[in-house]
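Here are the chains, one letter per residue:
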Amino acid sequence: MSKDSTRERPWLMRTYSGHSSARASNALYRTNLGKGQTGLSVAFDLPTQTGYDSDHPLARGEVGKVGVPIDHIGDMELLFDQIPLDQMNTSMTINATAPWLLALYVAVAEKQGVDPATLQGTTQNDVIKEYLSRGTYIFPPEPSVRLTTDLISYTVANIPRWNPTNICSYHLQEAGATPTQELAYALCTATAILDAVQASGQIAPERFQDVVARISFFVNAGIRFVEETCKMRAFTRMWDEIAQQRYGVEDPKARRFRYGVQVNSLGLTEAQPENNVQRIVLEMLAVTLSRDARARAIQLPAWNEALGLPRPWDQQWALRMQQVLALETDLLEYDDLFEGSTVIEAKVQELIAGARAEMARVAEQGGMVQCVDNGYVKRELVQSHTRRMRDIESGALKIVGVNCFEKTAESPLTAGGDSGIMKVDERAEREQIESLLAFRQQRDSQRVAAALDALRHAAVNGDNVMPASIECARAGVTTGEWSEVLRGVFGEYRAPTGVDISTASGGDEDAMAAVRARVLATSAELGRPLRLLIGKPGLDGHSNGAEQIAVKGRDAGFEVVYEGIRLTPAHIARAAQEEGVHLIGLSVLSGSHLELVEDIQQEMRKLNADDVPLVIGGIIPSDDAQQLQERGVKAVFTPKDVDMNQIMHRMVDIIRQSHGLPATAA
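Residues numbered from 1 in each chain as written. Predicted model: local features only at pLDDT ≥ 70, side-chain atom pairs only at ≥ 80, totals over all residues. Heavy atoms only, no water.

Draft legend 1. Local environment of the overall build of the protein chain. Per the secondary structure count, the protein chain includes 24 helices and 15 strands. Relative to the 2.2 N^0.38 estimate, which gives 26 Å for 666 residues, the radius of gyration of the protein chain is 25 Å and therefore close to what a compact globule would have. With the principal axes as the frame, the protein chain shows a C-alpha extent of 75 × 65 × 55 Å. Sorting the 666 residues of the protein chain into buried and exposed places 60% on the buried side. Long-range pairs, those at least 24 residues apart, make up 80% of the contacts in the protein chain between residues at least 6 apart in sequence. Carbon together with sulfur atoms contributes 50% to the accessible area of the protein chain, which is approximately 25300 Å² in total. The centroid of the 67 positive side-chain charges in the protein chain is displaced by 1 Å from the centroid of its 87 negative side-chain charges. (Helix = DSSP H or I, 4+ residues; strand = E, 2+ residues; numbered from the N terminus. Rg over C-alpha atoms; globule rule 2.2 N^0.38 Å. Buried < 20%, exposed > 50% of the residue type's maximum accessible area, 1.4 Å probe, protein only. Contact = heavy atoms within 4.5 Å. Areas by Shrake-Rupley, 256 points an atom, 1.4 Å probe, with all protein chains shown as cover. Lys, Arg positive; Asp, Glu negative; His and termini not counted. Charge placed at Lys NZ, Arg CZ, Asp CG, Glu CD.)

Set out below in structure tokens:
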């Protein structure tokens, strides 16, 4: 294996960031760029991602928590203040509202005097995976695909250097996908989108190669870095074949599998969080070691993301990991390291064969969109994730610091007044709302109304929505107003939950039998089956934990009420009363736990049902957990609580205590 005479250019280096406000995020971006970051990766808050203005009731507690709030063009201008967009490569993690955020980006570029045709960057814009994992969808699948098609068609014609969709298998792995499933479902999604673009007739056949060439991917790399390396080689090979055979693309450059990556966050642990550093570095190897299948852009999570929001120093550490690998080692000086390896080739072929078989099953059911609608893919992901959790419970899957080598010294990284994380200033939401109200007062209301009418007309008549969306951005339309028009045309949607199955096998069967016995005995003492409500309040769509508790609860003998994501506090309280539940279990991972618990408790008091005990799970700092318990929450579960048998026992304990029963069942 020869050493290359020229050193390959490093990949784009990003950190995924944004919080509190456009002003605060702009300062963070300019600081990170000054530290050597070579591209931006914008995290938007949940109201922005789900199409609500910051003053909408559903946005309470969510503004600026997991990203930057963008209500209108003024926010977008502030976000990119002193950042020349003609020199920047910007990735935006946005899906259902992707046409709107790109429209705002284009309008800001115009204000900077930048020709939109020169813009470079990526909109994630893979809404299909939102029905399966992150949950920031708004509309039903078919109109969502139509909006994606419009954005792709517009950018290929008008912003030719933009990546209009980022087919995103990252969140599929976070939802439980095996490498085979990640390959299959991502490639099925890509072909579904490309087929829709072809069918729309917006792109002339002779230009369709340009569409294929602009499709990019966003993948995940887990700790099994040899297998993950093979997965990336399989992705590269399969995409080249699909582009050539399915779409007739002859130019090898246009068939290149272009992908960005964030390594696995699912495997980051709250227990002994310092171990996350070596996990992140090892996972980075999977997407960098193969020259022929190397990532084009990388963003790494910070070591403390299982604890809360990382600080600027934590993000700097993640950036330095990339810089050391790219600049200090000799990695970029060599040809492909695995060319000719029989071990690697055998694993690649195994993954390709498995992915092809799963893609055939999806095709038999009508394709990826149909398999989202009928719940097939969601059920498969829930089952895969359940198997992983059972393996952790039984010890078959070792997680250092979690289910083995648990004895540890206290980490100095989490010492200090901030507990090793950053908290969003509680004033940020109030200030954002005040700014939004002031913006609405000073705009031209007639121009806003005309722009919204044009958007509605485009949506109804099947015209490309991008030109109308860009005019909405220029006119001062807000995120909520843009989305509300399209909600009126397309309607809203609730995706299948994937928990309508039993996956009781695996794990510690003796421990599970003990839980079942207690549930059965307590049910007998109370005269009816124990009933558990799992609630996902607010806009947080990361439902993996809630789904696993729902499946585990059913396997343990509970009757489980679970209606999926994005429920209002009033809905949860009403459902708890009407279903006669014995316990409410909330899942909140967006940082809005204090506000949402307060609202749910108020709603329960209105119904005279506040005697129903409440527990919560999520990424909840220890001082917040103490506040929640002082407010009456009976238990707080965080990522360190991986033994779900013990969680079930604790729930039984709480139910027994709330009904005056002795701790041990008779």
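Now, onward.
Draft legend 2. Quick peek at the packing of aromatic side chains. Applying the stated criterion across every chain, the model contains 15 aromatic pairs. With a centroid separation of 5.7 Å and 75° between ring planes, the pair formed by F139 and F490 is classed as edge-to-face. One end of the pair, F139, is in the loop between β5 (120-123) and α5 (141-158); the other, F490, is in helix α18 (residues 479-490), with 351 residues separating them in the sequence. For F139, a relative accessible area of 1% gives the class buried. Note that R487 overlies the ring of Y52, its terminal NZ or CZ placed 4.4 Å from the centroid. The ring of Y137 is capped by R566, whose NZ or CZ atom sits 5.2 Å from the centre of that ring. (Phe/Tyr/Trp six-rings, centres within 6.5 Å; stacked < 30°, edge-to-face > 60°. Lys NZ or Arg CZ within 6 Å of the ring centre and 35° of its normal.)

Draft legend 3. Structural context of the pattern of salt bridges. Throughout the structure, instances matching the rule amount to 45 salt bridges. Close ionic contact of K231 with E228 constitutes a salt bridge, the shortest N to O distance being 2.8 Å. Of this pair, K231 and E228 are both found in helix α9 (residues 225-245), 3 residues apart, which corresponds to roughly one turn of the helix. Considered together, K231 and E228 belong to a single accessibility category, that of buried residues. When salt bridges with common partners are traced through the structure, they connect E8, R291, R294 and D335 into a single cluster. (Salt bridge = Lys/Arg side-chain N within 4 Å of Asp/Glu carboxyl O.)

Draft legend 4. Broad picture of the pairing of strand β8 (residues 216-219). The alternating pattern of β8 places S216 and F218 on one face and F217 and V219 on the opposite face, and all of these are buried. As defined by bridge partners, strand β7 (residues 166-168) adjoins β8 across 3 bridges and the pair is classed as parallel. Each bridged residue has a counterpart across the sheet, and for N166 the counterpart in β8 is S216. Across 3 bridges, β8 lies against strand β9 (residues 259-262) in parallel orientation. (Pairing = 2+ DSSP bridges.)

Draft legend 5. View of the domain arrangement of the protein chain. If you check the domain split of the protein chain, you get domain 1 (11-414) and domain 2 (509-658). With centres defined by C-alpha atoms, the gap from domain 1 to domain 2 works out at 31 Å. Counting residues at the interface gives 34 residues for domain 1 and 31 residues for domain 2. For the pairing of domain 1 and domain 2, the buried interface totals around 2600 Å² over both sides, and the portion due to carbon and sulfur atoms is 52%. When residues of domain 1 are sorted by the area they lose upon contact with domain 2, R60, E270 and E393 head the list and together hold 22% of the total. Linking domain 1 with domain 2 are 6 salt bridges, by the criterion used here. Here R60 and D599 are joined by a salt bridge, their closest N and O atoms 2.7 Å apart. If you look at where domain 1 meets domain 2, you find 17 residue pairs in polar contact (both at pLDDT 80 or more). Taken together, the elements giving at least two residues each to the side of domain 1 that touches domain 2 come down to α2 (46-50) and α14 (376-394). When its residues are assigned to classes, the side of domain 1 that touches domain 2 shows 16 nonpolar, 8 polar and 10 charged. (Domains from an automatic or database assignment. Buried area = accessible area lost by both parts, 1.4 Å probe. Polar contact = N/O pair within 3.5 Å; in protein donor to acceptor, adjacent residues only side chain to side chain. Nonpolar A, V, L, I, M, F, W, Y, C, P; charged D, E, K, R; others polar.)

Draft legend 6. Structural detail: the sheet that holds β9. What the 5 strands build is an open sheet, ordered β1-β10-β9-β8-β7; its pairing is parallel. The open sheet has two edge strands, β1 (12-14) and β7, and neither has a second partner. On average, adjacent strands in this sheet sit at an angle of 20° to one another, irrespective of strand direction. Sheet analysis places β9 next to strand β10 (residues 297-299), joined by 3 bridges and oriented parallel. The residue of β10 that forms the bridge with Q262 is Q299. Most of the contacts of helix α11 (residues 312-328) go to β1, to which it runs at about 160°, and overall it touches β1 and β10. (Axes fitted to C-alpha atoms, helices over the stretch in contact; angles between N-to-C directions.)

Draft legend 7. Spotlight on the state of the cysteines. Considering all chains together, one arrives at 0 disulfides under this definition. C371 forms no disulfide, and the closest cysteine sulfur to it belongs to C188, at a distance of 7.8 Å. In this structure C371 comes out as buried when scored by relative accessible area, which is 0%. (Disulfide = S-S within 2.5 Å.)

Draft legend 8. Spatial organisation of a negative patch on the surface. On the surface, D508, E509, D510 and D643 cluster together into a negatively charged patch. With respect to the secondary-structure elements, D508 resides in the loop between α18 and α19 (509-526). (Patch = residues over 30% accessible without salt bridge, like charges linked within 9 Å, V, L, I, M, F, W, Y side chains within 5 Å.)

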